[in-house]
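Residue strings, one per chain:
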Amino acid sequence: MEPKRKLINSVESCVDEALCGLVRASGGLSLLRGHRVVLRSDLDNLKGKVALLSGGGSGHEPAHGGYIGAGMLSAAVAGGVFASPPPTSILAAILALHKAGASGVLLIVKNYTGDRLNFGLAAEQARNQGVAVDMVIVAEDCAFDQPSKAGRRGLCGTVFIHKLAGALAEEGCPLDQIVSKVTEVLKGIGTLGVSLSPCSVPGCLPSFDLPPGDMELGLGIHGEPGIQRSKVASADEVVKTMLDHMTNPDSQSHLPLSSGDAVVLCVNNLGALSCLEMAVVTRAALNCLESRGVVVVRVMSGAFMTSLEMAGVSLTLMKINPEVLRLFDATTSAPAWPSLSSVCVSGRSYIIDSPFLTTRPQDDRHAEGPWSPMMRNALEKICSTLLDKQEELNSLDRAAGDGDCGNTHAQAARAAGHVTEGRSDAASWARALHAGTQAMRRYGGADPGDRTMLDALCPAADELMKLTTTPPSGTMAVLQAAVQKATSGAEATRDLTARAGRASYIAADRVTLPDPGAVAVAAILRAVMETLEEQK
């Protein structure tokens, strides 16, 4: 049996329970009894206005239920995971909106055969009952150079149509005009997705195999594979590849884009990309578009139309004019619509000078003193030692923390700069080390015995304080003793219970290796000692 990888109660109940959770958490939403239909709670406000109904398979959350509210959808109907909703539920939603006094109902449908068929059947039945119904098909996928008979798929650009049509409906625009206006805007919308992993429908195996280190370009939102597989490249390269493909004039499904065009950009998380990765991709997309002379007026970055837990991202571009931007900026109460600034993204000055930066770092020069050559050698030895121990320290940290101790020390080694300023005799270094150690205890809250780097640092710092009273001839003996105490302190952390640092959150029986920070301290002091011994 496939191990459980979904935090649900059962495959059969997950869709209904998810809809219930959405509605219970959103005061402006209600459920239609007997159907997987979410509606605005304030249906009375629809009187005399066009109502908007969308929907499709579940698994794309927050689409579509999260986009219900004044200024966007009036209702959404959900099918099973990645399955079109049945015509009976779509019809029930249409009739509920008609009964509330809506002047007409616009169906916003993604271009998939099942969705088109089921929404179309419901529309015919509603018309037979005297309801004014029309339908807009969203088909903005830019993946295929030569789309099949089924045509281009409907992807995250659908959310833009929810927003624009919703703003028009809220203003009292009649049904035929809404259809005409959004149909025109659809010509300037394009979407393309890329993923580093497949997804899996609850109770099923992953939708396709994607080896680690590979990525899939041009995939849809139902777990279907894409048009091209390649090795994962940098975010900048992936984004450039995506935008090149989306705007390639040799493709029948490309989005025409020229220098000077103004666009809204949506960077959509397909489900499992980290927020950090999303921000990196957003930066890359903005830079790439602006390098082509495209003006990015607004940017949305987040999860807007997902594919369960797929670790991927889609980019949607919508070409705009002042009227489209006005509708895009119109207010809405839909819970999943982001709060966006009305300031143009491109051209905005987004860096503020630091009040502490009075000189450039490269202009900050110090004259060399008598200890400078030796300190330079010691620092180089420390840096090379930390770089050599990077993976060893990471390995130790993975057993008791977040696995980045080696990376942190390696980063410090690479960035090491000036090592001394003012007095640089042995006693001054000892006092500085002791003061720094006490500051770590004061601010960090840890003490010797808590299984941290202080278990190596404190005994060494205490030993080095003897340099304040020891004649120069005894310097090496004190340093050797300090190194030995640091090494012993680091080794002793094997048997200590962590009471500070990230290791303190891990069960004691799982933490059996020495503390990586303490090991690093011992290595640094040993590097200093070995450098000084070589100077003899």
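These figures come from a predicted structure and were not determined experimentally.

J.: Give a detailed account of the sheet that holds strand β6 (residues 133–138), specifying residues and quantitative values.
T.: Taken in spatial order, the 6 strands of this open sheet run β1-β2-β4-β3-β5-β6, and their pairing is mixed. Edge positions in the open sheet fall to β1 (29–31) and β6, since each of these has one partner strand only. Strand-to-strand twist of the sheet, defined as the mean angle between neighbouring strand axes without regard to direction, takes the value 25°. As defined by bridge partners, strand β3 (residues 50–58) adjoins strand β5 (residues 104–110) across 5 bridges and the pair is classed as parallel. Looking at β5, one finds that Ser54 is bridged to Ile108. Lying over the sheet, helix α3 (residues 113–128) contacts β3, β4 (75–81), β5 and β6, oriented at roughly 170° with respect to β6.

J.: Just give me the short version of unusual backbone geometry, but keep the residues and values in it.
T.: Backbone torsion omega between Glu61 and Pro62 reads 15°, so that peptide bond is classified as cis. Residue His64 follows Ala63 across a cis peptide bond; omega there is 5°. Positioned with a positive phi, Leu308 is a non-glycine residue whose angle comes to about 55°. As for its position among the elements, Leu308 is in the loop between β11 (295–302) and β12 (312–319). Despite not being glycine, Arg451 shows a phi value in the positive range, around 65°. Among the secondary structure elements, Arg451 is positioned in the loop between α12 (426–444) and α13 (454–464).

J.: So, the UniProt feature "domain: DhaK" (unreviewed entry) in the protein: which residues are in play, and what are the values?
T.: Within the UniProt annotation, "domain: DhaK" (unreviewed entry) is assigned to residues 10–337. Along residues 10–337, the helical share is 32% and the strand share 23%, with 29 Å between the first and last C-alpha atoms.

J.: Before we move on, can you summarise the confidence of the model for the protein with the specific residues and values?
T.: In the predicted model, the protein carries a mean pLDDT of 91, and 93% of its residues have values of at least 70. Across residues 418–422, confidence stays below pLDDT 50; counting only partners more than four residues off in sequence or on other chains, it has 7 contacts.

J.: Kindly report on empty space enclosed by the protein, identifying the contributing residues and their values.
T.: Under the defined criterion, the tally for this structure stands at 3 cavities of 30 Å³ or more. Counting residues per element, the lining of the largest cavity draws most heavily on helix α4 (residues 157–170), at 3 residues. Of the residues that constitute the lining of the largest cavity, the class distribution is 4 nonpolar, 4 polar and 3 charged. The space that makes up the second largest cavity amounts to roughly 50 Å³. If you trace the second largest cavity, you find it lined by Leu155, Cys156, Thr191, Gly193, Leu219, Gly220, Ile221, Asn268, Leu270, Met305 and Ser314. The residue makeup of the lining of the second largest cavity, split by class, is 6 nonpolar, 5 polar and no charged.

J.: Pulling in residues and values, what's your account of the pattern of salt bridges?
T.: This structure, assessed with the given rule, holds 25 salt bridges. Residues Lys49 and Glu170 are paired through a salt bridge, measuring 3.4 Å at the closest nitrogen-oxygen approach. On the criterion of sequence distance, the pair formed by Lys49 in the loop between β2 (37–40) and β3 and Glu170 in helix α4 is long-range, its members being 121 residues apart. For Lys49, a relative accessible area of 22% translates into the label partly exposed. Glu170 gets classed as partly exposed once you look at its relative accessible area, which sits at 34%. Between Asp236 and Arg283 there is a salt bridge whose closest N-O contact spans 3.5 Å. Placement of Asp236 in helix α6 (residues 235–246) and of Arg283 in helix α7 (residues 275–291) is noted, with a sequence separation of 47 residues between them. Using a relative accessible area of 43% as the deciding quantity, one classes Asp236 as partly exposed.

J.: Kindly report on the packing of helix α14 (residues 475–492) against helix α15 (residues 516–534), identifying the contributing residues and their values.
T.: The contact between α14 and α15 brings their axes to 8 Å, and the two run at 160°. When the axes of α14 and α15 are compared, the pair comes out roughly antiparallel. Seen from above, α14 lies across α15 with left-handed handedness. Between α14, through Met476, Leu479, Gln480, Val483, Ala486, Thr487 and Ala490, and α15, the contact on the second element is made entirely by Ala518, Val519, Ala522, Leu525, Arg526, Val528, Met529, Leu532 and Glu533.

Each value, and the rule that gives it
- Residues numbered from 1 in each chain as written.
- Predicted model: local features only at pLDDT ≥ 70, side-chain atom pairs only at ≥ 80, totals over all residues.
- Heavy atoms only, no water.
- Pairing = 2+ DSSP bridges.
- Helix = DSSP H or I, 4+ residues; strand = E, 2+ residues; numbered from the N terminus.
- Axes fitted to C-alpha atoms, helices over the stretch in contact; angles between N-to-C directions.
- Contact = heavy atoms within 4.5 Å.
- UniProt positions renumbered as here; feature names shortened; annotations may be inferred.
- pLDDT = per-residue confidence, 0-100.
- 1 Å grid on protein atoms, 1.4 Å probe; cavity = no way out; pocket = protein on both sides within 12 Å on 5 of 7 lines; lining within 4 Å.
- Points joined across faces, edges and corners; volume = space filled by probe spheres on them.
- Nonpolar A, V, L, I, M, F, W, Y, C, P; charged D, E, K, R; others polar.
- Salt bridge = Lys/Arg side-chain N within 4 Å of Asp/Glu carboxyl O.
- Buried < 20%, exposed > 50% of the residue type's maximum accessible area, 1.4 Å probe, protein only.
- Parallel < 35°, antiparallel > 145°, perpendicular 65-115°, else oblique.
- Left-handed = near helix turned anticlockwise from the far one by under 90°.

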